[in-house]
Amino acid sequence: MADMQAVWLTGLLAGMTTLLLAPLATPLAWWLARSPSSLRPIIEAVVALPLVLPPTVLGFYLLVLLNPGSPMGAFWVSITGASLTFSFSGLVFASLVYSLPFMVQPLHTAFRAVPAATLEAAATLGASSRDQLLNVALPLSRRGFLTGAILTFAHTVGEFGVVLMMGGNIPGETRVLSIAIYEHVETLNYDAAHVLALGLLCFSFISLWVVYGVAGQRVEVLRG
Amino acid sequence: MSPCLVIEGRLTRPRFTLDLALDVNLGHSVGVMGATGAGKTTLLRVIAGLEPHFAGRIQFGEETWSQAGQTDLVPTHRRGLGVVFQDSRLLPGRTVQENFDFAIKRAHRRASAVANDSIITGLHLEHLLAARVEGLSGGERQRVAVARALFTRPQLLLMDEPLSANDMAQRRQMTERLSEWVAADGVPLIYVSHAHDELLQLTSQVLILDHGRVTGQGEIDALRDAVGSAEQLSADYSMSNRATESRRVVRSRPVVLAKDPERGIATLQWRESEKSLLQSISSGDTLAVEAVADSSRLGASLQPEPDEYEGQAD
């Protein structure tokens, strides 16, 4: 029963992270793909940081930044009455940061593949920059969105370090699958750990299989 | 009162500089001529606001589109343009109708003397409306691009070799239609082409560009007198850039000085500005020459195909 709760909570966390990240990452990826700004490499590096930082480092800084004693944490408490740390809301926030590159990078790649000539043509037809993004680039970047959504969902499902630092292990609140597996191993309940670990392994494999399938089709479309 | 287009400024690239000081009355449509690389396409891109590094002023009537330090004072999408690019640039992944809808939805104005249906019929596009643009031929793509530009109901039309992929008969027909529509709608047109017969029919002024500078500007009739007789104009050629391994890749506009249909020999003369290109052609080279203007006066024996022949340089 507790494990099923962890499965549900993990799905909810991954689903919310994916749905929230898509609209947040889209303008950022568009800006990174089109802007000539000299700030672009710096922003790209910041976005990619979660790929190379140990999750515990990211979790530690998020804990420092968002605890109720910090300005941001205190502000959150003042408007919601609840703390961001050791709560599901805090996990969502941390996941948005941690999974950001997994949504931004496929979108960035997809947007860069939209020919500048096509966007110029759209501009001469009366499309503003926002119009070009929404009505020209987005329809041509559907596969980039699908890839980003699958990678973000799968990556959030597999989170451990950041979740442990920000959320701890509160059943029904922050105890997601990876934490449940860790707890089963700690209590030497290897059978239960096996079931959850095998489930995650299969899920991860299928996710990547779909992503590579999508990527393969995309290459063919571009060649066509 | 007809709007004036004033352009003063410069665009500098590593191996090319466009240096403009232009004042054109757009009461009459304008033809733009010049050798390959003279800056014709770049001039249209500057007017369209697609060259962010252009430093200078662009004034269209009362509107200042660009001035020193502010190249996008009026951004491209608000200039009310209808642009036909040389490579058509249809929106991919859509049908012809969806491309039209994109333009119609964002049209600069609603009223027009020319109905959309008559444009579609006039350009022979009615059977292609449901077709995806990826499946169209080069000529069809160009005709769709011309229709789409007209559907934006522009205040200024910019066309860059818009009919070059169509055969001679179609081009003649399209040029006539285009001439009627532009006149009926009162839209100023700036038309880039190597085909003098198109320029003569569609425009009444001409600009001549050479190495990024305007070297001539005047009435189209003056051009006719300057270059030669009407027959020489219609026998003006472009060397094909559709090279195969056995053919030279050159693009130029030699004038046919003399022709001998019985022996299958034509004597071509290149302009002074194209002499460097001429130096790359050696005696005995196999050349593919494509007529971009009316070549009917050349004689049948020079034309294995209606608008193209092949031969050796003497």
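Residue numbering note: each chain is counted from 1, following its sequence as written. Labels are handed out in written order, letters beginning with A for the chains and numbers beginning with 1 for the ligands. Owing to the predicted nature of the model, reporting of local features is limited to residues with pLDDT of at least 70; listing and counting of side-chain atom pairs is limited to 80 or more, with chain, interface and lining totals taken over all residues. Values shown for side chains rest on all heavy atoms present in the structure; no hydrogens or waters enter the calculation.

Engineer: I'm lost on the overall build of chain A in this one. Help?
Structural biologist: Here a strand is any run of E in DSSP of at least two residues, a helix any run of H or I of at least four, and the numbering for each starts at the N terminus. Of the regular secondary structure elements, chain A holds 12 helices and zero strands. Along chain A, helices and strands appear, N-terminal first, in the series α-α-α-α-α-α-α-α-α-α-α-α. Think of it in three bands: with a 1.4 Å probe and only protein chains considered, a residue is buried below 20% of the maximum accessible area for its type, exposed above 50%, and partly exposed in between. The 224 residues of chain A split such that 44% are buried. Any pair of residues with heavy atoms lying within 4.5 Å of one another is described as a contacting pair. Long-range contacts, defined as pairs at least 24 residues apart, comprise 73% of the intrachain contacts of chain A with a sequence gap of at least 6.

Engineer: Can you help me understand the pattern of salt bridges in this one?
Structural biologist: Pairs can form between side chains of opposite charge once their charged atoms are near each other. All names here are of chain A. The rule for a salt bridge is simple: a side-chain nitrogen of Lys or Arg has to be within 4 Å of a carboxyl oxygen of Asp or Glu. Using the criterion set out here, one finds 13 salt bridges over all chains in the structure. For Arg-175, the salt bridge identified is with Glu-183, shortest N-O distance 3.2 Å. The class of Arg-175 is buried, set by a relative accessible area of 6%.

Engineer: It is not clear to me how the nonpolar core should be interpreted in this structure. Could you clarify?
Structural biologist: Within soluble globular proteins, side chains that are nonpolar tend to cluster in buried spots. In this structure, Phe-111 of chain A together with Leu-178 of chain B are the most contacted members of the largest nonpolar core, which totals 76 residues. No other element matches the nine residues that helix H1 (residues 2–34) of chain A contributes to this core. Filtering out sequence-adjacent residues up to four positions away, Leu-178 of chain B remains in contact with Val-146, Leu-150, Met-159, Tyr-191 and Leu-202 of chain B. Within this scheme, the nonpolar core is defined by two criteria: the residues are buried Ala, Val, Leu, Ile, Met, Phe, Trp, Tyr or Cys, and they are joined through side-chain atoms within 4.5 Å. Leu-11, Val-24, Phe-85 and Leu-207 of chain B belong to the second-largest nonpolar core, a separate cluster that totals 33 residues.

Engineer: Help me understand the environment of Glu-140 of chain B in this model?
Structural biologist: Residues and elements named next belong to chain B. Within the fold, Glu-140 resides in helix H4 (residues 138–151). With 16 residues separating them along the chain, Glu-140 and His-124 place their C-alpha atoms 8.8 Å apart. At 2.9 Å, the side chain of Glu-140 forms a polar contact with the backbone nitrogen of Ser-137. Think of a polar contact as two N or O atoms within 3.5 Å of one another; within protein, one of them needs to be a possible hydrogen donor and the other a possible acceptor, and neighboring residues in sequence only count if both atoms come from side chains.

Engineer: Is there a simple way to explain the side chain of Asn-99 of chain B in this structure?
Structural biologist: Along the chain, Asn-99 of chain B turns up in helix H2 (residues 96–105). Overall, the relative accessible area of 0% leaves Asn-99 of chain B in the buried class.

Engineer: Would you explain H1 of chain A in this entry?
Structural biologist: Owing to its 3.6 residues per turn, the α-helix brings residues three or four apart onto one side. A helix is expected to span 1.5 Å for every residue after the first. For H1 of chain A, built from 33 residues, the straight-helix expectation of 48 Å at 1.5 Å per residue is met to within 8% by its first-to-last C-alpha distance of 47 Å. The largest bend in H1 of chain A is about 35 degrees, located at Ala-22 of chain A, with the proline Pro-23 of chain A one to four residues further on. What the bend at a residue measures is the angle between two axes, fitted to the seven residues ending there and to the seven starting there.

Engineer: Explain the interface of chain B and chain A here, please?
Structural biologist: Each side of the interface is counted separately: chain B has 16 residues, and chain A has 16 residues. Here the buried area means the combined drop in accessible surface, using a 1.4 Å probe, for two parts upon being joined, counting both sides. Roughly 1500 Å² is buried in total at the junction of chain B and chain A, and carbon and sulfur atoms are behind 65% of that figure. Between chain B and chain A we count three salt bridges in total. Our enumeration of links across chain B and chain A arrives at four residue pairs in polar contact (both at pLDDT 80 or more). Listing elements by their share of the side of chain B that touches chain A, those giving two or more residues are strand S6 (81–84) and H2 of chain B.

Interpretation note: all reported values are geometric properties and have no functional meaning in isolation.
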